[in-house]
Amino acid sequence: MLFSVSQLSISRGKGNQRKTLLGDVSLSVKQGEYLAVIGPNGAGKSTLLKCLGRLLTDWTGQILFDSIPLRQWESKHFARRAAFVQQSPPAVFGFTVRQMTEMGRYPHLKPLSPVSEEDRSIVEQSLEMMSIAHLAERTIDTLSGGELQKVQLATALTQQADILLLDEPTTYLDYKHQSEIGRLLRSLNQEHGKTIIEVTHDVNRAVLDATHVIAISAGKIVFNGSPQYLMETEHLRNIYDVDFQMVEHPVLPLKLVVPGL
């Protein structure tokens, strides 16, 4: 197992105001898996992702990464294996796309060492894979939301990490960019062997793209299984506390959600 999580819990606040964000969560993630994490707002999805990505460390329980306790991993060594793509990009205005993408090489560089020709080649390959090489000299503040999300993914690829931790990568994007990002992620998983753990509000994308789905509600896992099994109406109703309307996919043996009347 890449990740093995047992009784993971994390809380915030003091006294009567203390809130449990995750409570006794257990799960596992295999190499090459595409895991979608779904659930209502405030359920704890992003909190789980941040725990796996070491952005949050004040949790109790156990997280093993490659059979080693996650807290024992040295930061640079972990960054060579896993890349975190945030929902809201960091403020790096003034930097060009190429400069931001080069930042993905930091786990492989010694302190104060310059970027090598090999590093530059990896950067160029990542830009090409994300179809944004033509944006290389543009500054970050001139990009659209979809373009910026591609830059974040290119930066993650430049890390050469084999695991991508994605926090709602298509939120706020138009349909064109949602479709492009979706195709890129499927390619990274199916053709390049990347393990993907993605938090998403898009149930249909989770069903179409993921190999496995977990749902979190009120800080606990309430579904853990295949995309096909998820689409039985009672599961979604239990997760979101609302009725869903379904249609059959025109090509695949799957059901999809359609807006209610």
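Rules used throughout
- Residues numbered from 1 in each chain as written.
- Predicted model: local features only at pLDDT ≥ 70, side-chain atom pairs only at ≥ 80, totals over all residues.
- Heavy atoms only, no water.
- Phe/Tyr/Trp six-rings, centres within 6.5 Å; stacked < 30°, edge-to-face > 60°.
- Helix = DSSP H or I, 4+ residues; strand = E, 2+ residues; numbered from the N terminus.
- Buried < 20%, exposed > 50% of the residue type's maximum accessible area, 1.4 Å probe, protein only.
- Lys NZ or Arg CZ within 6 Å of the ring centre and 35° of its normal.
- Patch = residues over 30% accessible without salt bridge, like charges linked within 9 Å, V, L, I, M, F, W, Y side chains within 5 Å.
- Areas by Shrake-Rupley, 256 points an atom, 1.4 Å probe, with all protein chains shown as cover.
- Salt bridge = Lys/Arg side-chain N within 4 Å of Asp/Glu carboxyl O.
- Pairing = 2+ DSSP bridges.
- Axes fitted to C-alpha atoms, helices over the stretch in contact; angles between N-to-C directions.
- Parallel < 35°, antiparallel > 145°, perpendicular 65-115°, else oblique.
- Left-handed = near helix turned anticlockwise from the far one by under 90°.
- Contact = heavy atoms within 4.5 Å.
- Nonpolar A, V, L, I, M, F, W, Y, C, P; charged D, E, K, R; others polar.
- Core = buried A, V, L, I, M, F, W, Y, C linked by side-chain atoms within 4.5 Å.

(A) Geometry of the packing of aromatic side chains. Tallying each qualifying case throughout the model produces five aromatic pairs. Between the aromatic rings of Phe-65 and Phe-78, the centroid separation amounts to 5.2 Å while the plane-to-plane angle is 75°, which identifies the pairing as edge-to-face. With a gap of 13 residues between them, Phe-65 in strand S4 (residues 60-65) and Phe-78 in helix H2 (residues 75-81) connect regions that are remote in the sequence. For the pair shown, Phe-65 and Phe-78 are each scored as buried. Through pairs of rings, three or more aromatic residues link up here, namely Phe-3, Phe-65, Trp-73 and Phe-78. One residue, Arg-71, lies across the ring of Trp-59, its end atom 3.6 Å from the ring centre.

(B) Structural detail: a nonpolar patch on the surface. Judged by side-chain polarity, Leu-208, Val-251 and Leu-252 come together as a nonpolar surface patch covering roughly 270 Å² of accessible area. Note on placement: Leu-252 falls in the loop between strand S11 (245-248) and strand S12 (255-258).

(C) Local environment of the sheet that holds strand S7 (residues 163-167). On the basis of which strands lie adjacent, the open sheet formed by six strands has the order S6-S7-S8-S3-S9-S10 and mixed pairing. Strand pairing shows two members of the sheet lacking a second neighbour, strand S6 (82-85) and strand S10 (220-225), which therefore form its edges. On average, adjacent strands in this sheet sit at an angle of 15° to one another, irrespective of strand direction. As paired strands, S7 and strand S8 (residues 195-199) are joined by five bridges and run parallel to one another.

(D) Here's a closer look at the pattern of salt bridges. This structure, assessed with the given rule, holds 13 salt bridges. Salt-bridge contacts for Asp-58 lead to Arg-12; the nearest nitrogen and oxygen are separated by 2.6 Å. Taken together, the residues Asp-58 in the loop between helix H1 (45-52) and S4 and Arg-12 in strand S1 (residues 3-12) connect sequence positions 46 residues apart. The salt bridge partner of Arg-81 is Asp-66, with a shortest N-O separation of 2.7 Å. Of the two residues, Arg-81 sits in helix H2 while Asp-66 sits in the loop between S4 and strand S5 (68-69), which places them 15 residues apart along the sequence. When salt bridges that share partners are traced, they join Arg-186, Glu-198, Arg-205 and Asp-209 into one network.

(E) Fine view of the pairing of strand S2 (residues 19-29). In terms of strand pairing, S1 meets S2 through seven bridges, oriented antiparallel. Along S2, the bridge assignment pairs Arg-12 with Lys-19. Between S1 and the antiparallel strand that follows it, S2, lie six residues; Gly-13 among them carries a positive phi value of about 95°.

(F) Structural context of the packing of helix H5 (residues 145-158) against helix H6 (residues 175-190). Direction vectors running N to C along H5 and H6 enclose 15°, while the axes themselves pass 10 Å from each other. As far as their axial angle goes, H6 and H5 are roughly parallel. Read as a crossing pair, H5 and H6 show a hand that is right-handed. Here Gly-146, Glu-147, Gln-149, Lys-150, Leu-153 and Leu-157 of H5 lie close against H6, whose contacting residues are His-177, Glu-180, Ile-181, Leu-184, Leu-185 and Leu-188. Of the residues belonging to the contact of H5 with H6, the class tally is six nonpolar, three polar and three charged.

(G) Broad picture of the pairing of S12. As defined by bridge partners, S11 adjoins S12 across four bridges and the pair is classed as antiparallel. Within S12, the position partnered with Val-247 by the bridge is Leu-256. Connecting the antiparallel pair S11 and S12 is a turn made up of six residues.

(H) Main features of the nonpolar core. With 44 residues, the main nonpolar core has Val-97, Met-130, Ile-132, Leu-185, Leu-230 and Leu-236 as its most contacted residues. For this core, the leading source of residues is H5, giving six residues. Ignoring sequence-local partners within four residues, the contact set of Leu-230 consists of Ile-38, Val-203, Val-207, Val-213, Phe-223, His-235, Leu-236 and Ile-239. Residues Leu-35, Leu-49, Cys-51 and Ile-216 belong to the second largest nonpolar core, which totals 30 residues.

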